[in-house]
Amino acid sequence: MTVPIQPVTESGLTLTEVIDAELAAPGPDVARAVANEVRAKHGNSVLAVLYYGSCFRTHSDTDGILDLFLIVDDYCNAYTRRGLAFANAVLPPNVFYYETEIEGQIVRAKYAVISLADFVRRTSLACFHSFHWARFAQPCGLLFVRDQPAQRAVIEALCAAVKTFIIRVAPELPTTFAAEMLWKRGLQETYKTELRPEPPGASARLVDADPERYHRVTEAAVASLAFLSLDGAAFTADIDARTRWWSSQAWRLRRIHGKLNNLCRLMKAVFTFDGGVDYVLWKIERHSGVRVEPTPLLRRYPLLTCWATVWRLYRKGAFR
C-alpha cells in the first residue's frame, strides 16, 4: 500500500505535527476550570473543548469573555431539550453565555456547541462560508479531549481549516507572496463577511503578533497543495485567470451570505440561553458602539417585537 506524502516544513514537521504541537501547550487554569464546568452541562456528549479568540491570544482569562468551542458526538445527546438540538442541527453552532466565580473573581465565557461531523465539514472545502474555517485556521488551544480518536479527528479538522483558508485566499493575491500577506488579506476578507467588520488594521495586528506561526503552517501545507510552491520565504501560486475571477465573485457573495448568517445566529441566540436579548444587544454594541436598551416587552416576546429594534439598530449604523 502506498503511504501518502505528508507536507513538511524546513524543520521536518508535517502540518499535523505543527497543529498537534500548538494544541499540546497547557491551557490556563481558569480557562480549564470554566471548560470543565460548561462541559458538565452537556454530559458525556463532549468530545473536545477548544479555546480560541482574543482572550486566548492575549493570555488574559479574567479580563474579557473567554471563547470556547464544545465539539460533541451528537446533538440529541448534548441536550435535554429537543428544541436546542434541532436549532443546533439547523444552524450550527448554538452559542451560550456562561458566568461563574473562580477564586473570588467573576469569569465570563461564551461557548459554542457543534457536532464533530459538522465541525469536520465546516472546516473543509465543502463549506462555502468562512465562519468556521477562518476561525480555526488561526491558533487555538485544546482544553479537553475525550480520547485519541477524538483528538485525531480534531487535529485533522484544524489542518483542513488551514488548507481551506489558503485555497480560498491565494487567488486574491499576486502570483508570488509572503505568508504574512496571505493571512492579513484572508483575515481582512473574512472580517468583511461579519455584520460589523473589525476596524482597519485588525488583521495586520493579529498576524504581526506571531508572523512565524503563520509562515510555519503555510509552509507545512505546501506539499499537500499542488498549486502552491515555496522558494525561500516567498510562496508562488499557479492559479489561472478564470479561477481568480470566480474567487473574487465568491468573496463578494460571502459578504452577503455571512451577514445573513450572522443575523440569523444572533436572532437564534435570543432563544438558546437565558439573557439572550441582553447578550445580543451587548455584542452589537461591542462591535459597533451602538447601544439600544431592551424593553420588557422585547425580553418577554423577542421574536414578535425584535423587528423594531433591528430597524433602530440599522438606522443607527449597527449593521453595514
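Each value, and the rule that gives it
- Residues numbered from 1 in each chain as written.
- Predicted model: local features only at pLDDT ≥ 70, side-chain atom pairs only at ≥ 80, totals over all residues.
- Heavy atoms only, no water.
- pLDDT = per-residue confidence, 0-100.
- Contact = heavy atoms within 4.5 Å.
- Patch = residues over 30% accessible without salt bridge, like charges linked within 9 Å, V, L, I, M, F, W, Y side chains within 5 Å.
- Areas by Shrake-Rupley, 256 points an atom, 1.4 Å probe, with all protein chains shown as cover.
- Salt bridge = Lys/Arg side-chain N within 4 Å of Asp/Glu carboxyl O.
- Helix = DSSP H or I, 4+ residues; strand = E, 2+ residues; numbered from the N terminus.
- Buried < 20%, exposed > 50% of the residue type's maximum accessible area, 1.4 Å probe, protein only.
- Pairing = 2+ DSSP bridges.
- Axes fitted to C-alpha atoms, helices over the stretch in contact; angles between N-to-C directions.
- Phe/Tyr/Trp six-rings, centres within 6.5 Å; stacked < 30°, edge-to-face > 60°.
- Lys NZ or Arg CZ within 6 Å of the ring centre and 35° of its normal.
- Parallel < 35°, antiparallel > 145°, perpendicular 65-115°, else oblique.

Draft legend 1. Examining the confidence of the model for the protein chain more closely. Overall, the predicted model of the protein chain reaches an average pLDDT of 88, with 89% of residues at or above 70. Between residues 1-8, whose pLDDT stays under 50, and residues either more than four places distant or in other chains, the model counts 15 contacts.

Draft legend 2. Examining a nonpolar patch on the surface more closely. On the surface, a cluster of nonpolar side chains totalling about 310 Å² of accessible area is made up of Leu253, Ile256 and Leu260. Here Leu260 shows up in helix α12 (residues 241-272).

Draft legend 3. Region of the structure containing helix α11 (residues 211-221). α11 sits mainly inside the fold: 8 of its 11 residues count as buried. Of all the residues in α11, the buried ones are Pro211, Arg213, Tyr214, Val217, Thr218, Glu219, Ala220 and Ala221. Tucked into the core, α11 has its buried residues touching α1 (15-24), α8 (148-169), α9 (179-191), α10 (202-208), β7 (228-231) and β8 (234-237).

Draft legend 4. Expanded view of the sheet that holds strand β5 (residues 141-145). In spatial order, the strands read β3-β4-β2-β1-β5; together these 5 strands make up an open sheet with mixed pairing. Both edges of this open sheet fall to β3 (94-102) and β5, since each of them pairs with a single strand only. On average, each strand axis in the sheet is tilted by 25° relative to the strand beside it, whichever way the strands run. As paired elements, strand β2 (residues 65-72) and strand β4 (residues 105-115) share 8 bridges and run parallel to each other. Bridge assignment links Leu68 to a residue of β4, and that residue is Tyr111. Sheet contacts for α8: β1 (46-52), β2 and β5; angle to β1, the most-contacted strand, approximately 40°.

Draft legend 5. Structural context of the packing of aromatic side chains. For the coordinates displayed, the defined rule picks out 14 aromatic pairs. Look at Phe69 and Phe136: their rings are 4.8 Å apart centre to centre, the planes differ by 65°, and that puts the pair in the edge-to-face class. Here Phe69 is found in strand β2, whereas its partner Phe136 is found in the loop between α7 (131-135) and β5, with 67 residues between them in sequence. Side by side, Phe69 and Phe136 carry an identical accessibility label, which is buried. Connected via pairs of aromatic rings, a cluster forms that spans Trp133, Phe165, Trp183, Tyr214 and Trp251. Between Arg213 and the ring centre of Tyr214, over which it is positioned, the NZ or CZ distance is 5.2 Å. In this arrangement the basic side chain of Arg254 is found over the ring face of Trp251, its NZ or CZ atom lying 4.5 Å from the centre.

Draft legend 6. Here's a closer look at the environment of Ile166. Among the secondary structure elements, Ile166 is positioned in helix α8. Separated by 32 residues in the primary sequence, Ile166 and Ala134 place their C-alpha atoms 9.7 Å from one another. Those residues in contact with Ile166 that lie beyond four places of it in its chain are Leu182, Thr218, Ala221, Leu225, Phe227 and Leu228.

Draft legend 7. Quick look at the packing of α1 against α11. Contact pair α1 / α11: the axes reach a minimum separation of 8 Å and the direction vectors enclose 150°. Viewed along their axes, α1 and α11 adopt a mutual orientation that is roughly antiparallel. Of α11, the residues touching α1 (which contributes Leu15, Val18, Ile19 and Glu22) are Arg213, Arg216, Val217, Ala220 and Ala221.

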